[in-house]
Amino acid sequence: MSDPAIGGRTPAAVEVTAGEELWWCACGLSSSQPFCDGTHEDTEFSPVQYIAPETKRVFFCTCKRSKNAPLCDGSHKELPL
Ligand code: FES
(Lines give C-alpha, C1' and ligand atoms only; values in the text may rest on other atoms or scores of the structure.)
Protein backbone atom coordinates (compact mmCIF):
# COMPACT_ATOMS: atom_id res chain seq x y z
CA MET A 1 0.00 0.00 0.00
CA SER A 2 1.36 3.41 -0.91
CA ASP A 3 1.52 6.31 1.51
CA PRO A 4 -1.61 8.42 1.78
CA ALA A 5 -1.52 12.05 0.71
CA ILE A 6 -0.70 14.60 3.38
CA GLY A 7 -4.07 16.18 4.16
CA GLY A 8 -2.64 18.78 6.51
CA ARG A 9 0.35 19.60 8.67
CA THR A 10 -1.41 20.26 11.94
CA PRO A 11 -4.10 18.28 13.78
CA ALA A 12 -7.74 19.33 13.56
CA ALA A 13 -9.41 20.14 16.88
CA VAL A 14 -13.03 18.98 16.85
CA GLU A 15 -15.70 19.11 19.57
CA VAL A 16 -17.34 15.67 19.50
CA THR A 17 -20.47 14.45 21.27
CA ALA A 18 -20.63 11.09 23.08
CA GLY A 19 -21.86 8.43 20.65
CA GLU A 20 -21.38 10.62 17.57
CA GLU A 21 -20.21 8.70 14.48
CA LEU A 22 -17.63 10.35 12.26
CA TRP A 23 -15.69 9.08 9.25
CA TRP A 24 -12.03 10.06 9.20
CA CYS A 25 -10.32 10.52 5.84
CA ALA A 26 -7.47 8.01 5.48
CA CYS A 27 -6.44 8.89 1.92
CA GLY A 28 -5.53 12.51 2.65
CA LEU A 29 -7.39 13.80 -0.42
CA SER A 30 -10.62 15.01 1.17
CA SER A 31 -11.42 18.71 0.94
CA SER A 32 -13.21 18.38 4.27
CA GLN A 33 -10.23 17.41 6.44
CA PRO A 34 -10.08 15.60 8.75
CA PHE A 35 -13.23 13.90 7.49
CA CYS A 36 -14.06 11.86 4.38
CA ASP A 37 -15.78 13.55 1.44
CA GLY A 38 -15.78 10.51 -0.86
CA THR A 39 -12.67 11.49 -2.82
CA HIS A 40 -10.99 8.18 -1.88
CA GLU A 41 -13.24 6.31 -4.30
CA ASP A 42 -10.47 5.64 -6.85
CA THR A 43 -7.75 5.01 -4.27
CA GLU A 44 -6.76 2.00 -2.19
CA PHE A 45 -7.85 3.78 1.00
CA SER A 46 -11.11 3.68 2.91
CA PRO A 47 -12.40 6.04 5.59
CA VAL A 48 -12.07 5.03 9.24
CA GLN A 49 -15.07 5.07 11.53
CA TYR A 50 -14.74 6.99 14.80
CA ILE A 51 -17.43 6.85 17.46
CA ALA A 52 -16.88 9.43 20.17
CA PRO A 53 -16.55 7.72 23.55
CA GLU A 54 -17.44 10.93 25.37
CA THR A 55 -18.24 14.57 24.76
CA LYS A 56 -14.96 16.45 24.52
CA ARG A 57 -12.47 18.11 22.20
CA VAL A 58 -10.29 15.69 20.26
CA PHE A 59 -7.45 16.25 17.83
CA PHE A 60 -7.78 14.36 14.57
CA CYS A 61 -4.74 13.57 12.45
CA THR A 62 -4.64 15.38 9.10
CA CYS A 63 -1.13 14.34 7.97
CA LYS A 64 -2.30 10.69 7.77
CA ARG A 65 0.92 9.46 9.38
CA SER A 66 -0.35 8.97 12.95
CA LYS A 67 0.20 5.54 14.53
CA ASN A 68 -2.89 6.31 16.63
CA ALA A 69 -5.21 7.20 13.75
CA PRO A 70 -7.67 8.73 13.51
CA LEU A 71 -6.25 10.77 16.37
CA CYS A 72 -3.03 12.78 16.28
CA ASP A 73 0.11 11.25 17.80
CA GLY A 74 2.47 14.09 16.89
CA SER A 75 3.76 12.44 13.70
CA HIS A 76 3.12 15.68 11.74
CA LYS A 77 6.19 17.08 13.48
CA GLU A 78 8.33 14.54 11.59
CA LEU A 79 7.03 15.43 8.10
CA PRO A 80 9.64 16.46 5.55
CA LEU A 81 9.47 20.17 4.71
FE1 FES B 1 -10.12 10.31 2.12
FE2 FES B 1 -12.59 9.30 2.00
S3 FES B 1 -11.86 11.15 1.12
S4 FES B 1 -10.87 8.44 2.98
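Described in the following lines is the structure provided in the data block. Sequence order as written defines residue numbering, which begins from 1 separately in each chain. In keeping with the predicted nature of the model, local features appear solely for residues at pLDDT of at least 70, side-chain atom pairs appear and are counted solely at 80 or more, and the whole-chain, interface and lining totals rest on all residues. Think of the side-chain values as coming from all heavy atoms in the structure, minus any hydrogens and water.

### Examining the side chain of Lys64
- Note that Lys64 resides in the segment after strand E4 (56–60).
- Only protein chains enter the accessibility calculation, which uses a 1.4 Å probe; a residue is then buried when its area is under 20% of its type maximum, exposed when over 50%, and partly exposed in between. A positive count includes Lys and Arg, and a negative count includes Asp and Glu. His and the chain ends are not counted in either. Should a side-chain nitrogen of Lys or Arg be within 4 Å of a carboxyl oxygen of Asp or Glu, the pair is scored as a salt bridge. Here Lys64 sits buried without a salt bridge, and the closest side chain of opposite charge, Asp37, lies 9.9 Å off (N-O distance).
- In terms of polar contacts, Lys64 uses its side chain to reach the backbone carbonyl oxygen of Cys25, at 2.6 Å.
- Here Lys64 is in contact with Pro4, Ala5, Gly7, Trp24, Cys25, Ala26, Gly28, Gln33 and Pro34, once residues within four sequence places are set aside. Per the convention used, a helix needs a DSSP run of H or I reaching at least four residues, while a strand needs a run of E reaching at least two, with both numbered from the N terminus. Here a polar contact means two N or O atoms within 3.5 Å. Within protein one must be a hydrogen donor candidate and the other an acceptor candidate, and residues neighboring in sequence count only if both atoms are side-chain atoms. Any two residues whose heavy atoms approach within 4.5 Å at even a single point are treated as in contact.

### Notes on unusual backbone geometry
- Pro34 follows Gln33 through a cis peptide bond whose omega is 10°.
- Position of Pro34 among the secondary structure elements: in the loop between strand E2 (21–24) and strand E3 (48–51).
- Between Ala69 and the following residue, Pro70, the backbone shows a cis peptide bond with an omega angle of 15°.
- Along the polypeptide, Pro70 turns up in the segment after E4.
- For Lys64, which is not glycine, the phi dihedral falls at a positive 65°.

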